Amino acid sequence: MAIEIPSIFTLSGVASEYIQNMKNALVVDFKNSEQIYEAIIYTLSHPDIIDAIVKQGKKDVFEKFDISQMILLLEEIYGT
């Protein structure tokens, strides 16, 4: 997402905290090859919609995983 590549996710792990279908990525069910295929076809056939999703995805990644914010969180965990 950070390098503006259309992304297809399942809502597992950390993805469930910030991935939103059709907002910043496409979401499919876990191990559902048909949905993965359909998401790839959708990505290829809707470039304008995907462009907006990709831009939002990049923005969300940099907001969620901002290095300054990550350092502050690590300092809270481990102390300064």
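The structure under discussion appears in the preceding block.
Everything numeric in this text was worked out from a predicted model, so none of it was measured.

S.K.: Any chance you could break down helix α4 (residues 67–78) for me, citing the residues and the numbers?
M.R.: In an α-helix there are 3.6 residues to a turn, and that puts residues three or four apart on one side. In a regular helix each residue adds 1.5 Å, so 12 residues correspond to 16 Å; α4 covers 16 Å between its end C-alpha atoms and thus fits that length. Here α4 starts with a cap whose side-chain oxygen sits 3.3 Å from the backbone nitrogen of Ser 68, and that cap is Asp 66. Positive phi appears at Gly 79, one or two residues downstream of α4, with a value of about 80°.

S.K.: A description of unusual backbone geometry should follow, citing residues and the corresponding values.
M.R.: Not every positive phi belongs to a glycine, and Glu 4 is a case in point at roughly 60°. Positionally, Glu 4 belongs in the segment before β1 (8–9). Here Glu 4 falls in the partly exposed class, since its relative accessible area comes to 40%. A positive phi angle, close to 55°, is found at Lys 31, a residue other than glycine. Structurally, Lys 31 is set in the loop between β2 (26–27) and α2 (33–45).

So, how was this worked out
Residues numbered from 1 in each chain as written. Predicted model: local features only at pLDDT ≥ 70, side-chain atom pairs only at ≥ 80, totals over all residues. Heavy atoms only, no water. Helix = DSSP H or I, 4+ residues; strand = E, 2+ residues; numbered from the N terminus. Expected span 1.5 Å × (residues − 1). Polar contact = N/O pair within 3.5 Å; in protein donor to acceptor, adjacent residues only side chain to side chain. Buried < 20%, exposed > 50% of the residue type's maximum accessible area, 1.4 Å probe, protein only.

On their own, these measurements won't tell you what the molecule is for.
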